[in-house]
Amino acid sequence: MKVKMLSRNPDNYVRETKLDIQRVPRNYDPTLHPFEVPREYVRALNATKLERVFAKPFLASLDGHRDGVNCLAKHPKSLTTVLSGACDGEVKIWNLTKRKCVRTIQAHEGFVRGICTRFCGTSFFTVGDDKTVKQWKMDGPAYGEEEEPLHTILGKTVYTGIDHHWKDPAFATCGQQVDIWDEQRTNPICSMNWGFDSISSVKFNPIETFLLGSCASDRNIVLYDMRQATPLKKVILDMRTNTICWNPMEAFNFTAANEDYNLYTFDMRALDTPVMVHMDHVSAVLDVDYSPTGKEFVSASFDKSIRIFPVDKSRSREVYHTKRMQHVICVKWTSDSKYIMCGSDEMNIRLWKANASEKLGVLSSREKAANDYNQKLKEKFQYHPQVKRIARHRHLPKPIYSQIQEQRVMKEARRRKEMNRRKHSKPGSVPVVSERKKHVVAVVK
């Protein structure tokens, strides 16, 4: 005996709230909907317009420093805790949820050049112009105790940067050379240098934790192996690199922030050609930091703006700026991949959304479904001229806009001059050099 039974899913016709709109059953047979693609195009266009309407990325300004913010550090275990160091030697610990400073330490005399947290989050290290390395407890002193460092190391030269190992109780400092330290000792385990110029930044690889990279003022980016206590190889660029950042998902890739307004993503296995040249800034790039997903990174520049770049694109997808923001010195992407922090010359730390039009707070299931649908529509029609134009457009400050126009003219003049030289020279005497190979001078092993 056969029994036929009607089955209905209440989710298809029951409203979530009494204020919600009534659900209407739909037949998805394509023959009944001959204008489906034109309708989807209009929806994609509207979704792109609404994305620009709701793009309000600025969230908060953390003010309290009395001098320019020189360095930032994230807490490895807590999303709400951020550390910042200023040019007057002051270190502040912030609570992002309350948007307040919870602790202030007068750590150094002169600039705080670098700050990093221990991998377990119980303490942090600072270096400054007073030739000292200091370790501090993350928790404040008990009632009646004075604010004092756990350990202080007196150095012979000024330290310009510091980074902690991702797994072991060891850290690296840079200045005249790269020093590897054990937390229990006051003398470095080993010192590495290749050349005689001052080193501005040192970073441990988050995956292959024995690898570290540094950049020096003689235009070098040097890679070191901590196990052999020797430099591996170095690449020399046209201009000086200010800092580097390793990709947290791909152990062999890193991005360098350069003085020539560009960022260069390198594969450490083939340093003779960058994987990608990221161009959009109109002044020196001072800092760079990857998102935890490894798909994007954020850069801070002397041109008073920060930009978000996809790893595989040469142009930025987003630019953030305010009227009051001055030269941006440091930038960090939070560990939940939702927010960006930047510290600038005018003593403020600013908090931004990583996705400018994202709605914060709890979303209902229908809001999530609508967002996903709109996102797929925008991806489907992203190359249509109207959708592309609206999605790409950004309002820029007048100085940045005029500098972009000026650099475009200069670049076109250089290209035209090179074409004329090639046209009026012996065939093969003026070779065609790609944009990626132009800026690498040499690779030394």
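Residues numbered from 1 in each chain as written. Predicted model: local features only at pLDDT ≥ 70, side-chain atom pairs only at ≥ 80, totals over all residues. Heavy atoms only, no water.

In the annotation of an unreviewed UniProt entry, the chain is listed under the name DDB1- and CUL4-associated factor 13 and assigned to Peromyscus maniculatus bairdii. Taken from UniProt, the Sequence similarities (unreviewed entry) comment for the chain reads in full: "Belongs to the WD repeat DCAF13/WDSOF1 family." For the chain, the Pathway (unreviewed entry) comment in UniProt is given as "Protein modification; protein ubiquitination." (UniProt positions renumbered as here; feature names shortened; annotations may be inferred.)

Within the fold, Lys 233 resides in strand β17 (residues 230-237). The residues touching Lys 233, leaving out its near neighbours within four places in the chain, are Trp 194, Ile 221, Val 222, Leu 223, Met 268, Arg 269, Leu 271, Val 444 and Lys 445. Side-chain polar atoms of Lys 233 contact the backbone oxygen of Met 268, separated by 2.8 Å. (Helix = DSSP H or I, 4+ residues; strand = E, 2+ residues; numbered from the N terminus. Contact = heavy atoms within 4.5 Å. Polar contact = N/O pair within 3.5 Å; in protein donor to acceptor, adjacent residues only side chain to side chain.)

Turning our attention to helix α1 (residues 36-53). When the terminal C-alpha atoms of α1 are compared, their 26 Å separation across 18 residues agrees well with the 26 Å that a helix rising 1.5 Å per residue should span. For α1, every residue scored as buried is listed here: Glu 40, Ala 44, Leu 45, Ala 47 and Thr 48. Buried residues of α1, seen end-on, are gathered within an arc of 160° and therefore sit on one face of the element. (Expected span 1.5 Å × (residues − 1). Buried < 20%, exposed > 50% of the residue type's maximum accessible area, 1.4 Å probe, protein only. Arc of directions from axis to C-beta.)

Turning to its location among the elements, Ser 217 is positioned in the loop between β15 (211-216) and β16 (220-225). You can call Ser 217 partly exposed: its relative accessible area is 28%. It is 21 Å that separates the C-alpha atoms of Ser 217 and Asp 267, two residues lying 50 residues apart in sequence. Beyond its immediate chain neighbours, meaning those up to four positions away, Ser 217 contacts Asp 197, Ser 198 and Arg 240.

Right, let's get into a nonpolar patch on the surface. A cluster of nonpolar side chains, contributed by Leu 50, Val 53 and Phe 54, occupies part of the molecular surface with about 300 Å² of accessible area. With respect to the helices, strands and loops of the structure, Phe 54 is situated in the loop between α1 and β1 (58-63). (Patch = residues over 30% accessible without salt bridge, like charges linked within 9 Å, V, L, I, M, F, W, Y side chains within 5 Å. Areas by Shrake-Rupley, 256 points an atom, 1.4 Å probe, with all protein chains shown as cover. Salt bridge = Lys/Arg side-chain N within 4 Å of Asp/Glu carboxyl O.)

With that settled, the discussion passes to the side chain of Ser 123. Structurally, Ser 123 can be placed in strand β7 (residues 123-128). At a separation of 3.0 Å, a polar atom in the side chain of Ser 123 contacts the side chain of Gln 135. For Ser 123, the residues in contact, after removing those within four places along its chain, are Thr 117, Arg 118, Gln 135, Trp 136, Lys 137, Met 138 and Leu 150.

Turning our eyes to something else, we now look at the sheet that holds β16. Spatial strand order, β14-β15-β16-β17-β29: five strands in an open sheet with antiparallel pairing. Each end of this open sheet is capped by a strand with a single partner; those strands are β14 (199-204) and β29 (440-444). For this sheet, the mean inter-axis angle between neighbouring strands, taken without regard to orientation, is 20°. Taken together, the five bridges between β14 and β15 define a ladder with antiparallel strand orientation. Each bridged residue has a counterpart across the sheet, and for Val 202 the counterpart in β15 is Ser 214. (Pairing = 2+ DSSP bridges. Axes fitted to C-alpha atoms, helices over the stretch in contact; angles between N-to-C directions.)

Our next topic: the sheet that holds strand β8 (residues 132-137). A sheet is described by the order of its strands in space; here four strands give the open sequence β6-β7-β8-β9, paired in antiparallel fashion. Strands with a single pairing partner mark the edges of an open sheet, and in this sheet they are β6 (112-117) and β9 (151-154). Across the sheet, the mean angle separating the axes of adjacent strands is 15° when strand polarity is ignored. In this sheet, β7 lies alongside β6 in antiparallel orientation, the contact comprising five bridges. Paired with Ile 115 across the strands is Thr 126, a residue of β7.

Residues annotated in UniProt with the feature "domain: Sof1-like protein" (unreviewed entry) correspond here to residues 354-440. Between the end C-alpha atoms of residues 354-440 there is a gap of 31 Å, over a span that is 62% helix and 1% strand.

Positive phi outside glycine occurs at Arg 219, with the angle close to 75°. Examined against the element boundaries, Arg 219 turns out to sit in the loop between β15 and β16. When its relative accessible area of 32% is taken as the criterion, Arg 219 is described as partly exposed.

Let's shift gears to the UniProt feature "repeat: WD" (unreviewed entry) in the chain. Per the UniProt record, "repeat: WD" (unreviewed entry) is found at residues 62-104, 278-319 and 321-362. With 0% helix and 43% strand, residues 321-362 has end C-alpha atoms that lie 27 Å from one another.

Here we take up the packing of aromatic side chains. The geometry of an aromatic ring pair comes down to the distance between the two centres and the angle between the two planes. Scanning all chains against the criterion turns up 11 aromatic pairs. With a centroid separation of 5.3 Å and an interplanar angle of 70°, the aromatic rings of Phe 58 and Trp 352 are classed as edge-to-face. Here Trp 352 lies in strand β28 (residues 348-353) and Phe 58 lies in strand β1, a separation of 294 residues in the sequence. Following the ring pairs from residue to residue traces out a cluster consisting of Phe 125, Tyr 159, Phe 171 and Trp 181. Positioned above the aromatic ring of Phe 210 is the side chain of Arg 227, whose terminal nitrogen or guanidinium carbon lies 3.4 Å from the ring centre. If you follow Arg 269 out to its NZ or CZ, it ends over the ring of Phe 252, 3.9 Å from the centre. (Phe/Tyr/Trp six-rings, centres within 6.5 Å; stacked < 30°, edge-to-face > 60°. Lys NZ or Arg CZ within 6 Å of the ring centre and 35° of its normal.)

Moving on, we get to the side chain of Arg 350. Along the chain, Arg 350 falls in strand β28. Here Ser 344 takes part through its side chain, which lies 3.4 Å from a polar atom of the side chain of Arg 350. Looking at Arg 350, its side chain comes within polar contact range of the side chain of Glu 346, at 2.4 Å. For Arg 350, the residues in contact, after removing those within four places along its chain, are Phe 58, Ala 60, Ser 61, Thr 322, Arg 324, Met 325, Ile 340, Met 341, Cys 342 and Ser 344.

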